[in-house]
Each structure stands twice: as C-alpha cells, then as structure tokens.
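Coordinates in review
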Amino acid sequence: NVGLVKLGTPGVTTPAVQKAGAELANARNYEYRHEIPANITTEVDAYNFMVDQIGKSDMSCVSFPSFVYVSNPVGAGLKLVSAMGMIHGREALVAKNYDGYHKAAAGVDVDLPSVLKLPTGDKELNGEFLNPRGINRIRKKEGKFILWGDRMFTNDTSFKFKHTREYMSHTENILRENFDYIIFQLNNKATAESLKTTLLAYFLPEFAKGAITGNSVTD
C-alpha cells in the first residue's frame, strides 16, 4: 500500500527545483514540503519568497524557519541544517501513534529535540501573519522547539488544513492501489455488493479511531 508519500529536497531552495517537486506531488497526489532559504529571517520576506518565487499549490506545505541550528557532529559549535528530515520524522511518529493522518502533527508534544537555535533569533514569529497565509512555524515554547501550525500552502480552502489534506490523499492512494481488481469486473449487483463490503471493511476502523465523523460509519 503506497498511501501518502511526502516529498522534498532537503537543503535545496532553488525555486525551479521546488516547483518541479510540487508539480510531481500534484500529479501523484503526494505532499511536497518546500524550504525557505536560511538567510530569510522575517515573516514578510518568507511569505514573499513563497508567493513570488514558488507559488501556491494544492499539495504544498512549508515551515518557517526551514533551517535550524544543531550541535556540530564533527567539531565545536553549531551547524545550520535543513529541518525537513526532523519534521518528516516527527510527522511520521504522530501518524504511527494515531494510526493515520487524522491528527495534526503539531503542538507542544511535537518537538524537535535536536534543535538548539533558530536563524530567526529569539523573537516569537508572528503567527497571526503566517498562519492564515499557509506558513507553519517552528517556535520555542517551554524550553523546547516545537512544530506549530497545520496549514497547506494552497488556495484550495477545502483543504487548507494540512492533516485533512494528508488524510484525504492517503485514503485516495490506498483505494486506488487496492481497487484495481474492480475495473474490469461485471457492472452488476454482485460486484456492487463486493465493493460495498470492501469499503465498509476499510472505513469501519477509520470510524472507530475517530478519523471520520458521523453517527455511524454509513454516514
């Protein structure tokens, strides 16, 4: 089962490369994580880079800052690295713990323990500016650095929340991969009942764990 695939080019902020990644994600119903260059340290400049150099896309997301300082593994001091691997790792852990993408991978319990400092400094980034514009934050809270925000960098208001887009894409990919058998079957009552049984078998656990809402799974 393929499910949701998260794409990205860690450390590569070239607009042409990022645009190509977003196009691939759109074509395959995957997610693409963009990166904002480390020398951009203000909210307005971050947004302008994303709008002017990248552009909004249905399957795109981004966190600011996209680069962080960690302990230098080969010497003294700190090293500036892409945060993408850490972010994807924490998102994968949330998906594992909740058995799916229906829980937003953000909040005080979704920390990045390797991060020691941000290139944006000690200031609190303006979430009132970034969040509605589709840019998530890395912020320091209670002595640790955490993921904060659950937005896609998209114009599609139906899927502005990141975990909603991820859940839908994951479900669509799973069903597409597993329903090839039905394409050339007879279009009759027996096939329809088989399809219904298979769909219920998939969505009953989804309903039980709170991934879909309603008074019953048939809703």
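Structural data are supplied above this passage.
Residues numbered from 1 in each chain as written. Predicted model: local features only at pLDDT ≥ 70, side-chain atom pairs only at ≥ 80, totals over all residues. Heavy atoms only, no water.

1. Overview of the sheet that holds strand E1 (residues 6–8)
An order of E1-E2-E3-E6-E7 is seen for the five strands of this open sheet, with the pairing classed as mixed. A single partner strand is all that each edge strand has here, and the edge strands are E1 and strand E7 (144–148). Put simply, the sheet's adjacent strands are angled 30 degrees from each other on average, direction ignored. Here strand E6 (residues 136–141) runs beside E7; their pairing, made up of five bridges, is antiparallel. Of the residues in E7, the one forming a bridge with Arg137 is Trp148. Along the sheet face, helix H3 (residues 84–98) touches E1, strand E2 (31–34), strand E3 (60–64), E6 and E7 and points at about 140 degrees away from the line of E2. (Pairing = 2+ DSSP bridges. Helix = DSSP H or I, 4+ residues; strand = E, 2+ residues; numbered from the N terminus. Axes fitted to C-alpha atoms, helices over the stretch in contact; angles between N-to-C directions. Contact = heavy atoms within 4.5 Å.)

2. What about helix H2 (residues 43–54)?
Counted at 1.5 Å a residue, the expected span for H2 with its twelve residues is 16 Å, and the 16 Å between its end C-alpha atoms agrees. Burial in H2 covers these residues: Glu43, Ala46, Phe49, Met50 and Ile54. Projection of H2 onto a plane perpendicular to its axis shows the buried side chains occupying an angular sector of 130 degrees, all on one side. On the buried face of H2, the contacting elements are helix H1 (15–28), E2, E3 and helix H4 (127–130). Note on H2: the residue one or two positions beyond its end, Gly55, has a positive phi of about 90 degrees. (Expected span 1.5 Å × (residues − 1). Buried < 20%, exposed > 50% of the residue type's maximum accessible area, 1.4 Å probe, protein only. Arc of directions from axis to C-beta.)

3. Let's talk about the pairing of E3
Side-chain direction in a regular strand flips from residue to residue, so the side chains alternate between the two faces of the sheet. Counting buried positions over the five residues of E3 gives five, a clear majority of the element. Sheet analysis places E2 next to E3, joined by three bridges and oriented parallel. From the neighbouring strand, Tyr32 faces E3, where its bridge partner is Ser60. Read from E2 through H2 to E3, the crossover connection turns out right-handed. Relative to E6, E3 runs parallel, the two sharing two bridges. Bridge pairing in E6 links Ser63 to Asn136. (Right-handed = clockwise from strand over helix to strand, strands pointing away.)

4. Observations regarding the pattern of salt bridges
Side-chain pairing between opposite charges can occur once the charged atoms of the two side chains come close. Within this structure, the stated rule accounts for 13 salt bridges. Taking the shortest distance from any N to any O, the salt bridge between Arg139 and Glu124 comes out at 2.9 Å. One end of the pair, Arg139, is in strand E6; the other, Glu124, is in the loop between H3 and H4, with 15 residues separating them in the sequence. Given a relative accessible area of 44%, Glu124 falls into the partly exposed group. Note that Glu206 is salt-bridged to Lys209, the shortest N-O span being 2.9 Å. Take Glu206: its relative accessible area is 8%, and that puts it in the buried class. Under the relative-accessibility criterion, Lys209 is labelled partly exposed at 27%. Among the ionic contacts, a cluster of salt bridges with common partners joins Lys6, Glu31, Arg33, Glu91, Lys162 and Glu166. (Salt bridge = Lys/Arg side-chain N within 4 Å of Asp/Glu carboxyl O.)

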